[in-house]
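Single-letter residue listing:
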Amino acid sequence: MKLRLTSLGPVALLATSMMLAFSASATSNDQGIVVYNAQHENLVKSWVEGFTKDTGIKVTLRNGGDSELGNQLVQEGSASPADVFLTENSPAMVLVDNAKLFAPLDASTLAQVEPQYRPEHGRWTGIAARSTVFVYNPAKLSEAQLPQSLLDLAKPEWKGRWAASPSGADFQAIVSALLELKGEEATREWLKAMKTNFTAYKGNSTVMKAVNAGQIDSGVIYHYYPFVDGAKTGENSKNVKLHYFKHQDPGAFVSISGAGVLASSKQPQQAQEFVKWITGKQGQEILRTNTAFEYAVGVGAASNPKLVPLQDLAAPKVEPSKLNSKKVVELMTEAGLL
């Protein structure tokens, strides 16, 4: 027998309406949110555990790479099951944003993040950051021999002396910054020289291991790899040092990890809550203590004390929404790097 609300008295009608509303809310909470995650799994696992403990909202992670998940979201469009997208680098966020798939983030969420670590438009925000560094083996290179700029690696004397992982989203983000800072022609020429001078490895950790083992003198990676390795056995980083280019050089580029709420989210409020939590005090505190060794970007948030402070990196100013992954792939393919 179907329940007819119109046959109930005023008090019973109110009670029944409240029960239905509570039931709908409970169902929503039970469903939770789906996060397409390209960030480090151990870091995001800590975020998810803290968020669920505080809010009771369940989170289902679907892990993958920046480019992989970014392109998947564009392909899925409004039919995507994702509620939130997390990345390691900005270009994948730009790709999804250019497809007009993000909803504006709450103003209170944006206010929690330092302005230089989020795009001006507010459709996604930075959640963490990582610095470009030059990793080298001091048995192979002295401090006096270190390059003063990322652009120096195009010079003939660096032939066969440095490595990178060109197929990875990390290195492509660095090239995106170079493109934004120096323009297309300068980037094309640098990539052409890179093809001649460098040795390709798959993955930044592999680059570090090769430098550590003396297989190659140096490489271009992100800062956290030796710290992560050092927190374990340190066997793959004991023979390496980090050189920070600073001076607003393209090689001092700080890449922003992003978070955005999909406009097609079936749980938009919960999705907004998740991004607000990870950019807030508790989420950013996890960056200080987690072994991912990424930088915190929240207002007043402290990063792991082992890291060179962000303000001391003298990074170039790059508007994250202008990083162009499609053009970078085109240029790198043209140069024979992909």
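Residues numbered from 1 in each chain as written. Predicted model: local features only at pLDDT ≥ 70, side-chain atom pairs only at ≥ 80, totals over all residues. Heavy atoms only, no water.

Further remarks concern the packing of aromatic side chains. Throughout the structure, instances matching the rule amount to 10 aromatic pairs. When the ring centre of Trp158 is taken as reference, the NZ or CZ atom of Arg161 above it lies at 5.8 Å. (Phe/Tyr/Trp six-rings, centres within 6.5 Å; stacked < 30°, edge-to-face > 60°. Lys NZ or Arg CZ within 6 Å of the ring centre and 35° of its normal.)

If you look at the biggest cluster of nonpolar residues, it comprises 73 residues, and the most contacted ones within it are Phe85, Phe134, Trp162, Phe171, Leu191 and Met194. Among the elements that take part in this core, helix 6 (residues 169–182) stands out by supplying seven residues, more than any other. Apart from residues lying up to four places away in sequence, Leu191 is in contact with Val175, Leu331, Met332, Ala335 and Leu337. Formed by 26 residues, the second largest nonpolar core is a distinct cluster that contains Val35, Ala128, Trp277 and Leu287. (Core = buried A, V, L, I, M, F, W, Y, C linked by side-chain atoms within 4.5 Å. Buried < 20%, exposed > 50% of the residue type's maximum accessible area, 1.4 Å probe, protein only. Helix = DSSP H or I, 4+ residues; strand = E, 2+ residues; numbered from the N terminus. Contact = heavy atoms within 4.5 Å.)

For the rest of this paragraph, the subject is helix 11 (residues 281–289). Regarding helix 11, the residues found buried are Gly283, Gln284, Ile286 and Leu287. Taken down its axis, helix 11 places every buried residue within 145 degrees of arc, on the same side. Check the buried side of helix 11 and you find it contacts helix 2 (41–55), strand 4 (125–136) and helix 10 (268–279). (Arc of directions from axis to C-beta.)

The next subject is helix 2. An ideal rise of 1.5 Å per residue puts 21 Å on 15 residues; helix 2 measures up with 21 Å between its terminal C-alpha atoms. Buried within helix 2 we find Leu43, Val44, Trp47, Val48, Gly50 and Phe51. Lining the buried residues of helix 2 we find strand 1 (33–37), strand 2 (59–63), strand 3 (84–86), strand 4, helix 10 and helix 11. Downstream of helix 2 by one or two residues, Gly56 has phi in the positive range, about 80 degrees. (Expected span 1.5 Å × (residues − 1).)

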